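# An overview of the molecular structure
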Amino acid sequence: MDVDTRLLRSFVAVAEEGSLTRGAERLFVSQPALTKQIKQLETRLGVRLFTRSRAGMALTEAGRALAERAPRLLSEFDQLVRETKRATRVLRVGFLASGANEATQDIVAAFTRRRPGWRAEMRQASWTNPTAGLATGDVDVALVRLPFPGQDALRVEVLLTEPRWVVLPVTHPLAERDQIAFRDLWDEPFVAAPAESGRWRDYWMAADEREGHPVRVGAVAEHPDDWLSAVANGYGVALAPASAARYYARPGVTYRPVTGVSASQVGVAWSPGDDANPIVQDFVRCCLDARTP
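Conventions adopted
Residues numbered from 1 in each chain as written. Predicted model: local features only at pLDDT ≥ 70, side-chain atom pairs only at ≥ 80, totals over all residues. Heavy atoms only, no water. Helix = DSSP H or I, 4+ residues; strand = E, 2+ residues; numbered from the N terminus. Rg over C-alpha atoms; globule rule 2.2 N^0.38 Å. Buried < 20%, exposed > 50% of the residue type's maximum accessible area, 1.4 Å probe, protein only. Lys, Arg positive; Asp, Glu negative; His and termini not counted. Charge placed at Lys NZ, Arg CZ, Asp CG, Glu CD. Pairing = 2+ DSSP bridges. Salt bridge = Lys/Arg side-chain N within 4 Å of Asp/Glu carboxyl O.

Each helix and strand in the protein was counted, giving 9 helices and 13 strands. Against the globule reference of 19 Å for 293 residues, the protein gives a C-alpha radius of gyration of 21 Å, in line with a compact fold. A buried classification covers 47% of the 293 residues belonging to the protein. Counting 37 positive and 36 negative side-chain charges, the protein places the centres of these two groups 4 Å from one another.

Following this line, the structure appears as structure tokens:
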């Protein structure tokens with residue numbers, strides 16, 4: 001009997017969080033999808049792993065036995081994958097949107113010089129995965145936007161800070177202003193990331209910087225093209241890093257500076273298990289060398 005490691009990761013998340021809701025937030029999946037994965041694992045093993053109640057998810061005796069060993073099994077599997085990938089001389093680098101902006105190309109070039117014969121394979125992630133694949137083991141290192149859910153469980157170094165601007169339709173009444181006070185956007189519908197991205201979604205609507213004023217969601221998008229189309233079609237406005245005006249300019253939308261909202265940060269992130277991985281640490285060093293003063 002084969003058990004998908006994805007199912008084991010789902011089990012460990014729920015076992016450690018004690019909740020399907022928190023487990024889904026940790027893995028950046030929907031709660032129904034996580035519930036289905038837990039049921040699949042129980043079916044394959046032929047045992048119940050959890051007792052479900054309003055209080056949460058309690059481990060059964062079989063579940064406790066699996067919970068004792070599954071984290072170590074996954075850790076050993078991840079180590080095996082890292083060693084196998086090292087033999088292929090490919091470093092998997094996850095990133096969101098524009099990565100580290102203009103510094104991205106310099107980082108990759110510096111890594112190639114530092115590690116001749118190696119290739120940094122860039123993998124763009126959707127907004128449903130703010131760790132850019134790092135939390136699920138799909139990449140070895142990631143260029144991410146801070147803050148993001150699960151950040152405390154990873155190693156993170158800040159590379160640059162930039163203000164958040166607003167992107168809005170060119171026909172919007174505020175589009176003629178040189179800059180816009182965030183307070184003037186409170187009643188606007190926003191184009192949001194999917195709900196499973198949790199606090200990351202809230203951050204990009206500045207939910208904590210509205211003095212209790214509720215957020216209105218006009219549309220949901222998980223890729224930049226869908227996001228821009230929703231804005232251009234008038235379904236809402238959106239906060240974005242200032243660099244988006246350079247990387248995601250398109251007809252029908254415009255970007256304006258916003259006052260009264262905190263700045264955004266880009267960081268490089270990696271798993272604590274790779275603290276001694278020389279390849280990952282070489283990439284991190286290249287990122288730090290390119291860091292904006």
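Of all 7 residues in strand S3 (residues 90-96), 7 are buried, a share of seventy percent or more. Pairing analysis gives 7 bridges linking S3 to strand S4 (residues 119-125), with the strands arranged parallel. Paired with Leu 91 across the strands is Ala 120, a residue of S4. Here S3 pairs with strand S5 (residues 141-146) via 3 bridges, running parallel. Directly across from Val 93, in S5, lies its bridge partner Val 141.

Looking now at the pattern of salt bridges. Applying the stated rule across the entire model yields 15 salt bridges. A salt bridge links Glu 162 to Arg 145; its shortest N-O distance comes to 2.7 Å. Of this pair, Glu 162 sits in strand S6 (residues 155-162) while Arg 145 sits in strand S5, and the two are 17 residues apart along the sequence. Residue Glu 162 is classed as buried on the basis of its relative accessible area of 7%. Under the relative-accessibility criterion, Arg 145 is labelled buried at 6%. With its nearest N and O atoms 2.7 Å apart, the salt bridge here joins Arg 155 to Asp 275. Linking Arg 155 in strand S6 with Asp 275 in the loop between strand S13 (264-270) and helix H9 (278-289), this pair joins segments that are 120 residues apart in sequence. Note on Asp 275: relative accessible area 35%, which makes it partly exposed. Where salt bridges share partners, they join Arg 114, Arg 285 and Asp 289 into one cluster.

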